[in-house]
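Breakdown of the fold
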Amino acid sequence: MDDVRHTARGESWVDAAAGTVSREAFVSDDVFRLELDRIFHRLWIFLAHDSEIPSPGDYVVRSMGSVPVLVVRGSDGELRVLLNSCRHRGTKLCRGEAGNARHFVCPYHGWSYALDGRLITTSYDGHLPPEMDKADWGLVPVPRLETYRGLVFAAWDPGVPALSDYLGDIAWYLDTLFWRSPQGMEVLAPPHRWRVRANWKIGALNFIGDSQHVRTTHAGPITLDRVRSEKDGFYVTGGDSFQVVTDRGHGCTLTYLAPGMKEENYLTHPPALGAAYAETLGADQLAMLHHLRVFVGNVFPNFSFIESQVALGEKAVIVRQWQPLGGTEMEVLSWVLAEREADDGYKQRALRHGFHNFGAAGVFEQDDLEIWASATQASDNPIAQRYPYSFHSSLPFDRSPCEQGRWPGTTYRPSNTEVAQFAFMRRWQAAMGSPDRA
């Protein structure tokens, strides 16, 4: 039967045996509301990098699903995540993207809060009944907050597993991006923000392992450098390339230099920082980075990363959050990071090229956004939803991983299948199908 439509009543959108996913999962507002409850209001959600809020009073405004929050460094130097909503009438305390404050004052009636969320005054304390304890009316704290290699995560579910357990094997790969030098990485500028008329999962799938779209979607930018593309084998995937799937729906794709791309002509990582890498990373991690041309991945649900080539031997790390706004719309946040030890010229080039390629008006970004919006518009109707999306190219390889991967996680070759994408969707289905903790 062609009609494979489902509803948000807990039925299955993913057919693991057939290799298909219902289009409803990418357009339905009912599915979106269920995602908020079962994923974004339960699991670890990436919010910021600690270099964005280095000093007491620094804060950034972010979201956890539908929930607006403040990530703030208190007077005691501790990080906190607080519900960005006054306890009096619910007004957002901070509506700019970032700043520094001595305390937070509600613009509606003047309720004031300390940086740790304590209620200081209602401005009309004399009108309060004597039994009201102001200690009970501070800003609502997010119950769980942890950092990993400078990455700030929070969760509304107090029973969520420890972040280290949640990350599992993907942490080994995160180390090679976010802690490959003794001082770690830093954000080079506030994130770009823009809205896309597409579902948040499209972005996550694109980053966890959609190598198949590069030749067609990004033919324009690659063609601009046709000489290098043809001569050095830019279109060719190195035989050592592979995808990694880890537990809890995380994964990444590692693309290595093709045979014609000699390292002396296409240096992959900065020699000036080589000593710093060797001081911090293990031998296996250094081997993983050697000859690595493109490194891209996603931590479930909506935290993505890509290592972007800036120039010969220079790379920037791009970080993404795919913030859901509805079944057919998301907000994208995009940061550029570089090693703290890098010189100012390196950082300036990393920032410029990072946003040039992957910012709001980025060369590659514009290609993706038009395609994603087109796919969403064409799928958001009852006729199209009779016919599922195909993930068939994952099936032959999903059943036969490499017998022995060199590094953590389950390894699959070639690197241009849909294995990592379909693993993400199966994890999504597992989280969506359970009313209990995912």
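One can find the structure itself at the top, above this paragraph.
Residues numbered from 1 in each chain as written. Predicted model: local features only at pLDDT ≥ 70, side-chain atom pairs only at ≥ 80, totals over all residues. Heavy atoms only, no water.

**Some remarks on the sheet that holds strand S10 (residues 119-121)**
Strand order across the open sheet formed by 3 strands is S8-S9-S10, with antiparallel pairing between neighbours. Strand pairing shows two members of the sheet lacking a second neighbour, strand S8 (104-105) and S10, which therefore form its edges. As paired strands, strand S9 (residues 112-113) and S10 are joined by 2 bridges and run antiparallel to one another. For Ser-112, the partnering residue across the bridge sits in S10 and is Thr-121. (Pairing = 2+ DSSP bridges. Helix = DSSP H or I, 4+ residues; strand = E, 2+ residues; numbered from the N terminus.)

**Let's talk about the side chain of Thr-417**
Among the structural elements, Thr-417 can be located in the loop between strand S22 (410-412) and helix H13 (419-432). Within the structure, Thr-417 has its side chain in polar contact with the backbone nitrogen of Val-419 (distance 3.3 Å). (Polar contact = N/O pair within 3.5 Å; in protein donor to acceptor, adjacent residues only side chain to side chain.)

**Some thoughts on the nonpolar core**
Counting residues in each nonpolar core, the largest one holds 110 residues, and the members touching the most others are Tyr-173, Phe-178, Leu-254, Met-288, Phe-303, Met-425 and Trp-428. Element by element, the count of residues in this core is highest for H13, at 9 residues. The residues that make up this core include at least three from each of domain 1 (45-155) and domain 2 (168-433). In contact with Met-288, other than residues within four places in its own chain, are Trp-172, Tyr-173, Thr-176, Leu-254, Tyr-256, Phe-295 and Trp-407. (Core = buried A, V, L, I, M, F, W, Y, C linked by side-chain atoms within 4.5 Å. Buried < 20%, exposed > 50% of the residue type's maximum accessible area, 1.4 Å probe, protein only. Domains from an automatic or database assignment. Contact = heavy atoms within 4.5 Å.)

**Some words on the pattern of salt bridges**
Scanning the entire structure with this criterion turns up 20 salt bridges. Asp-37 is the partner of Arg-42 in a salt bridge, and the nearest nitrogen-oxygen pair spans 3.6 Å. Look at Arg-42 and you get buried, because its relative accessible area is 12%. Between Arg-426 and Asp-398 there is a salt bridge; the shortest N-O distance is 3.6 Å. Here Asp-398 lies in helix H12 (residues 395-398) and Arg-426 lies in helix H13, a separation of 28 residues in the sequence. Residue class for Arg-426 comes out partly exposed when judged on its relative accessible area of 29%. (Salt bridge = Lys/Arg side-chain N within 4 Å of Asp/Glu carboxyl O.)

**Comments concerning the packing of helix H10 (residues 344-358) against helix H11 (residues 363-379)**
One way to put it is that H10 packs onto H11 with a least axis distance of 3 Å and a crossing angle of 20°. When the axes of H10 and H11 are compared, the pair comes out roughly parallel. On the side of H10, the interface is formed by His-356, Asn-357 and Phe-358, while H11 contributes Val-363, Phe-364 and Glu-365. A class-by-class count of the residues in the contact of H10 with H11 yields 3 nonpolar, 2 polar and 1 charged. (Axes fitted to C-alpha atoms, helices over the stretch in contact; angles between N-to-C directions. Parallel < 35°, antiparallel > 145°, perpendicular 65-115°, else oblique. Nonpolar A, V, L, I, M, F, W, Y, C, P; charged D, E, K, R; others polar.)

That is the geometry; function is a separate question.
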